[in-house]
Amino acid sequence: MTPKTLSTSSLSPFLLPFQLKISNPNFVKFHPSKPTLILCESAASQTQQKSPNSQTQFPLSTPEHGGLGAAAPTRGDIFLEHQKSLAVAAATAAGKKKKKKREKTSGSSKVANSSATCYGCGAPLQISESDAPGYVDPDTYELKKKHRQLRTVICGRCRLLSHGHMITAVGGNGGYSGGKQFVTAEELREKLSHLRHERALIVKLVDIVDFNGSFLAHVRDLAGANPIILVVTKVDLLPKGTDFNCVGDWVVEATLKKKLNVLSVYLTSSKSLVGIAGVVSEIQKEKKGRDVYILGSANVGKSAFINAMLKMLSYKDPIAAAARKYKPIQSAVPGTTVGPIQINAFTGGKLFDTPGVHLHHRQAAVVHSEDLPVLAPRSRLRGQSVTVDFDNLVADKFESEGLNGHSIFWGGLVRIDVLKVLPETCLTFFGPKALKIHIVPTKVADEFYKLDNRAFLPSQKEVGLLLTPPTGKEKADDWSGLETERTLQIKYEDAERPACDVAISGLGWITVEPVSKSLKKPDSNPEETATELLLAVHVPKPVEIFVRPPLPVGKSGGEWYQYRELTEKEEEGRPK
């Protein structure tokens, strides 16, 4: 190939796409009147490719041997090459993303989205098990996922629970018999183990009807050193005329005896909103940017309390008003909440509804799931008193001995043998109205509980029919009976006021009055005859029995309750 011949007269520095480099200026001489020959060669080996917008330089030197060389790329060629490389890189990245997505969807896990949970119960959303917590119809799930609305989805189980169906999900030690069990009580407790390592404010709930059974004495194992606000729920169930000042003092005294340091104590009702405003104000004051966790035993009323809180907050806070649209589900089934539920209730921290702590020593852990609604009082408690005039047909038999030598059945869950009491002694039962009271002589109590003793009471039936729960013959056949017996020696100083309460975990309590005012005789002096009472209490094997100071309920409670005198040091360390 012969070298190109260029004339300098036809060249312009603004038109040349390359820069001319002359190695020997003395060799090339420019003559304005004559055309000048310039020898050019292609220097492909020295070309450096830059961005499409930059200028590419090709040095000019002596030709190669034989005049051979690669043609210089134009700016268009460089631009196209750059665009092609970008397209290849984009295609490679898209391929990796699709492959990763296929690997994720082809796994063995059928959970639809690990970060998406049912706002009603906190269960992870899933599309495989239709009867398990968190199940969502696949079409509904895909539609909500497409529009990024998974946080507004409620699972099928929560829909049934909201319509009154009894669907349990918790098994294991502290779980419930009957129905399917998808998670154990130990697994739910493990979901709360992180609290002790976090900086949080704990709102601990206690059911006033089952104060001792729902108290969670070892709450520090879960909450760590985090501050605690103690909230007593369901005070609207206490008998009419109850003095809440006396009840509040009683709760503080019981809390101090359990050596649980708390910031403050509140008596509340999620139904009537009593005390809710005070709790909200205390939380706003003490949270200080921390997350707030609602903690308590199963079926203590956590979800109902949160709904009442949101209702109170929504009056002034639009964030809480929006959160009310997707609030946790309430039901009578213990274990409704099976996972933490995050709620945007206020600025500066989150509110969390947590799974209830399931305790094996409560009555709910031993009865069948179909009998659980019987254990939950729905209306104000009215004490059922058992005295010598309990039944007019047999009152004459009691006149000399009183209740001594007789057994009192509280449904099929509790039996009390009266071993030694005064003739005027009265036992008052506070608990669910569905549990009926029956009294028989102790000598036939075992036979009456197990068999149909028509010789003594022709109208009575066996356990499962008359003494319920358990309800029905089939459940009674599987019932293990009242295997635990505890003898109580109850001492008293003042016969004019109740001696104590005998609390049955998960059920209610029995107030023991040495002398009933309605039965006291003018000429009697009970303090000279006896100073102690003897009772034998029978319950199912894991259920616990508590003997505690009497809870001041009703109008009479405010009359006999006595406030303890406090020192200045005790006053300072006492919860508000």
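Residues numbered from 1 in each chain as written. Predicted model: local features only at pLDDT ≥ 70, side-chain atom pairs only at ≥ 80, totals over all residues. Heavy atoms only, no water.

Looking at an unreviewed UniProt entry, one finds the protein named CP-type G domain-containing protein, with Escallonia rubra as its source organism.

Visitor: What is the right way to read the pattern of salt bridges from this model?
Guide: Opposite charge on two side chains permits pairing when their charged atoms draw close. Summed over all chains, the structure comprises nine salt bridges. The salt bridge partner of Asp 249 is Arg 574, with a shortest N-O separation of 2.7 Å. Taken together, the residues Asp 249 in helix H6 (residues 244-257) and Arg 574 in the segment after helix H15 (568-572) connect sequence positions 325 residues apart. The same class applies to Asp 249 as to Arg 574, namely buried. Residues Asp 501 and Arg 548 are paired through a salt bridge, measuring 3.4 Å at the closest nitrogen-oxygen approach. Of the two residues, Asp 501 sits in strand E15 (residues 500-504) while Arg 548 sits in strand E18 (residues 545-548), which places them 47 residues apart along the sequence. You'll find Asp 501 and Arg 548 in the same group, each marked buried. Each member of the salt-bridge network shares a partner with another, and the members are Asp 249, Glu 253, Arg 564, Glu 570 and Arg 574. (Salt bridge = Lys/Arg side-chain N within 4 Å of Asp/Glu carboxyl O. Helix = DSSP H or I, 4+ residues; strand = E, 2+ residues; numbered from the N terminus. Buried < 20%, exposed > 50% of the residue type's maximum accessible area, 1.4 Å probe, protein only.)

Visitor: Even after reading the chapter, I still don't get unusual backbone geometry, so can you show me in this structure?
Guide: Excluding glycine, residues mostly have negative phi values, and the peptide bonds linking residues are mostly trans. Omega for the peptide link from Thr 468 to Pro 469 comes to -10 degrees, which places this bond in the cis form. Considering the arrangement of structural elements, one finds Pro 469 in the loop between helix H11 (445-450) and helix H12 (473-478). Of note, the bond from Pro 469 into Pro 470 is cis; its omega dihedral lies within 30 degrees of zero at 5 degrees. Tracing the backbone shows Pro 470 in the loop between H11 and H12. Its identity as a non-glycine residue notwithstanding, Arg 148 has a phi of 55 degrees, on the positive side. For Arg 148, the position within the fold is in the loop between helix H2 (138-146) and helix H3 (156-162). A positive phi angle, close to 65 degrees, is found at Lys 234, a residue other than glycine. Following the sequence through the fold, Lys 234 ends up in the loop between strand E4 (228-233) and H6.

Visitor: I keep staring at the side chain of Asn 212 and nothing clicks. Help me out?
Guide: Along the chain, Asn 212 falls in the loop between strand E3 (200-207) and helix H5 (220-223). Beyond its immediate sequence surroundings of up to four residues, Asn 212 is in contact with Lys 258, Ala 503, Phe 546 and Arg 548. (Contact = heavy atoms within 4.5 Å.)

Visitor: For this particular structure, what's the right way to read the packing of aromatic side chains?
Guide: Both the distance between ring centres and the angle between the ring planes are used here to describe each pair of aromatic rings. The tally for this structure, following the rule as stated, stands at ten aromatic pairs. A connected cluster of aromatic rings, assembled from ring pairs, spans Phe 211, Phe 215 and Trp 250. One Lys or Arg, Lys 204, reaches over the ring of Phe 215 and ends 3.6 Å from the middle of that ring. Over the ring of Phe 215 we find Lys 258; its NZ or CZ atom is 5.0 Å from the centre of that ring. (Phe/Tyr/Trp six-rings, centres within 6.5 Å; stacked < 30°, edge-to-face > 60°. Lys NZ or Arg CZ within 6 Å of the ring centre and 35° of its normal.)

Visitor: Which parts of the structure should I look at to understand the packing of helix H7 (residues 276-286) against helix H8 (residues 302-313)?
Guide: Helix-helix packing is described using two parameters, namely the angle between the two axes and the distance between the axes. Between H7 and H8, the shortest axis-to-axis distance is 10 Å and the interhelical angle comes to 80 degrees. Taken as axis vectors, H7 and H8 run roughly perpendicular relative to one another. Side by side, H7 and H8 meet where Ile 276, Ala 277, Val 279, Val 280, Ile 283 and Gln 284 of the first sit next to Phe 305, Ala 308, Met 309, Met 312 and Leu 313 of the second. Of the residues that constitute the contact of H7 with H8, the class distribution is ten nonpolar, one polar and no charged. (Axes fitted to C-alpha atoms, helices over the stretch in contact; angles between N-to-C directions. Parallel < 35°, antiparallel > 145°, perpendicular 65-115°, else oblique. Nonpolar A, V, L, I, M, F, W, Y, C, P; charged D, E, K, R; others polar.)

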